[in-house]
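# Results of the structural survey
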Amino acid sequence: MRWEALFADMEAQLDAARTADLAAEVVELTRAERATVSVADRFRAARGATLTVRTDGGEQVSGMLRDASAQWILLDTQGRSSLVPLAAVTAIRGLTRHSAGGCGVVERRLTLGHALRALARDRVIVQIVTHGGDLTGRVERVGADHLDLAAGHVESRGGELWAVPFAAIRVVRSS
């Protein structure tokens, strides 16, 4: 009888040690998994959520997250769309704890340039917020790292042509 109790006690201790080891391993694997999650993954999981985003220029944009890629997010804000480069984002309120899996090849190729080319193709009047101030006009051309904005009399193709580096863009608003 004593031997049976001793073996049962030893077996219970062994099971408790296995359970503790498994719990520690789960915690460590969870930490390792979280370390691979990017903010873009969290944005992609939050499509449809209402977010507030602050940029390094002090701009604050709130709205429903319509789309997200590895380089930009698109928010619907009071009847307008706001394209925000992820490089300009300093803080986000409203993200869930969830994340989408890594983006695919096609999604990785949807750069800021692609989004801006769509605005140029559609001949949309935009307001571009930069550190140096706001510019309003039509995106005429999009290069590898900059865009050309026709500001001023955009309807008559007159006005000034501004080259705006992507790195200077904080928010692009369109109606």
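Everything discussed here concerns the structure shown above.
So, how was this worked out
- Residues numbered from 1 in each chain as written.
- Predicted model: local features only at pLDDT ≥ 70, side-chain atom pairs only at ≥ 80, totals over all residues.
- Heavy atoms only, no water.
- Helix = DSSP H or I, 4+ residues; strand = E, 2+ residues; numbered from the N terminus.
- Buried < 20%, exposed > 50% of the residue type's maximum accessible area, 1.4 Å probe, protein only.
- Salt bridge = Lys/Arg side-chain N within 4 Å of Asp/Glu carboxyl O.

A positive phi angle is found at glutamine 78, which is not glycine, with a value near 50 degrees. Checked against the element boundaries, glutamine 78 lands in the loop between strand E3 (72-77) and strand E4 (80-85). On the accessibility criterion, glutamine 78 (84% relative accessible area) is exposed.

With that settled, consider the pattern of salt bridges. Tallied over the entire structure, the rule returns nine salt bridges. Among the salt bridges present, the one from aspartate 76 reaches arginine 66, with a minimum N-O distance of 3.2 Å. Note that aspartate 76 is positioned in strand E3 and arginine 66 in strand E2 (residues 60-68), a separation of 10 residues in sequence. For aspartate 76, a relative accessible area of 28% translates into the label partly exposed. Given the relative accessible area of 40%, arginine 66 is considered partly exposed. Here aspartate 122 and arginine 121 are joined by a salt bridge, their closest N and O atoms 3.1 Å apart.

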